[in-house]
Amino acid sequence: MADERDEPGVALQTRPKTKRPPMYKVLLLNDDFTPMEFVVMVLERFFGMNHAQAFELMLMVHKKGLAVVGVFSYEIAETKVTQVMELARQHQHPLQCTMEKE
Ligand code: TYC
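Keep in mind the model is a prediction, meaning the values are calculated, not measured. (Residues numbered from 1 in each chain as written. Predicted model: local features only at pLDDT ≥ 70, side-chain atom pairs only at ≥ 80, totals over all residues. Heavy atoms only, no water.)

(A) View of the packing of aromatic side chains. If you walk through the whole model with that rule in mind, you get 2 aromatic pairs. The interplanar angle of 80° and the centroid separation of 5.2 Å between the aromatic rings of tyrosine 24 and tyrosine 74 together place this pair among those described as edge-to-face. Linking tyrosine 24 in strand β1 (residues 23–29) with tyrosine 74 in helix α3 (residues 74–90), this pair joins segments that are 50 residues apart in sequence. For tyrosine 24, a relative accessible area of 14% translates into the label buried. Note on phenylalanine 47 and phenylalanine 72: the rings are 6.2 Å apart at their centroids and 45° apart in plane angle, and the pair reads as tilted. Taken together, the residues phenylalanine 47 in helix α1 (residues 36–47) and phenylalanine 72 in strand β2 (residues 66–73) connect sequence positions 25 residues apart. There is no split in this pair, since phenylalanine 47 and phenylalanine 72 are both buried. Between the NZ or CZ atom of lysine 80 and the centre of the ring of phenylalanine 47, over which it lies, the distance is 5.7 Å. For the cation-ring pair, lysine 80 lies above phenylalanine 72, with the distance from its terminal atom to the ring centre recorded as 5.4 Å. (Phe/Tyr/Trp six-rings, centres within 6.5 Å; stacked < 30°, edge-to-face > 60°. Helix = DSSP H or I, 4+ residues; strand = E, 2+ residues; numbered from the N terminus. Buried < 20%, exposed > 50% of the residue type's maximum accessible area, 1.4 Å probe, protein only. Lys NZ or Arg CZ within 6 Å of the ring centre and 35° of its normal.)

In C-alpha cells form, the structure reads like this:
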C-alpha cells in the first residue's frame, strides 16, 4: 500500500527555514615554553573552568599537542582567541590559540 509520500495532495512536512548559525571550535596548541600554570590560569579565566578541569585540559594539550577548549558562535570564539593571544603576548609566552569551523 502506498504511504503518504506517494499520495498526491499530501504535503510533506517541510524543514523550518531558520538555520542554526555555524559554530566554531576554539583550539589550544601545545608548545615547549608556556608555563603549565599560565595555561591553567587562561582556561580558568576565559573558559570558566574550575582548577581541576583546567589542569586536566592543560595536561591533555601538553600530551596530545592540542585540544578543543570550547565551541562558540563566531563572535564569541573570536573574542576568546583574541583574549588568550593578547594575554600570552603580554607575558611573552608563545601560546597559540586558534578557531575552526565545527
Ligand atoms: N608544554 C608546556 C610545558 O611543558 C605546557 C603547555 C601546555 C603549553 C598546554 C601550552 O597549550 C599548552 N611547559
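On we go from here.
(B) Spotlight on the environment of valine 69. Inspection of the secondary structure assignment puts valine 69 in strand β2. As for valine 69 and methionine 85, which are separated by 16 residues in sequence, their C-alpha atoms are 14 Å apart. Beyond its immediate sequence surroundings of up to four residues, valine 69 is in contact with Val26, Leu28, Leu43, Phe47, Met49 and Leu57. (Contact = heavy atoms within 4.5 Å.)

(C) The site of the ligand, seen in detail. Around the ligand lies a shell formed by Leu28, Leu29, Asn30, Asp31, Thr34, Met36, Val39, Met58, Val61, His62 and Leu95. Take asparagine 30: an N or O atom from its side chain is 2.7 Å from a nitrogen atom of the ligand. For the ligand, the protein covers 89% of the area, taking 350 Å² as the surface of the free molecule. Of all elements in the fold, only β1, α1 and α2 (51–64) reach the threshold of two or more residues within the shell around the ligand. (Near = heavy atom within 4 Å. Polar contact = N/O pair within 3.5 Å; in protein donor to acceptor, adjacent residues only side chain to side chain. Areas by Shrake-Rupley, 256 points an atom, 1.4 Å probe, with all protein chains shown as cover.)

(D) Spotlight on the UniProt feature "domain: Adaptor protein ClpS core" (unreviewed entry) in the protein. With numbering matched to this structure, UniProt assigns "domain: Adaptor protein ClpS core" (unreviewed entry) to residues 19–98. In residues 19–98, the share of helix is 54% and the share of strand is 22%. The end C-alpha atoms are 25 Å apart. (UniProt positions renumbered as here; feature names shortened; annotations may be inferred.)

(E) The arrangement of the side chain of aspartate 31 in detail. Looking at the element boundaries, aspartate 31 is found in the loop between β1 and α1. Although buried, aspartate 31 forms no salt bridge, and the nearest oppositely charged side chain, arginine 89, lies 15 Å from it. Within the structure, the side chain of aspartate 31 is placed 2.7 Å from the backbone nitrogen of phenylalanine 33, a separation counted as a polar contact. A polar atom in the side chain of aspartate 31 sits 2.6 Å from the backbone nitrogen of threonine 34. Apart from the residues lying within four places of it in its own chain, the contact partners of aspartate 31 are Pro94 and Leu95. (Lys, Arg positive; Asp, Glu negative; His and termini not counted. Salt bridge = Lys/Arg side-chain N within 4 Å of Asp/Glu carboxyl O.)

(F) Quick peek at α2. Over its 14 residues, α2 extends 20 Å from the first C-alpha to the last, a length consistent with the 20 Å expected when each residue adds 1.5 Å. All of the buried residues in α2 are Ala54, Leu57, Met58 and Val61. Along α2, the residues classed as buried sweep out an arc of 105° about the axis, all on the same side. Along α2, exposed side chains directed more than 90 degrees from the buried face belong to Ala52, Glu56, Lys63 and Lys64. (Expected span 1.5 Å × (residues − 1). Arc of directions from axis to C-beta.)

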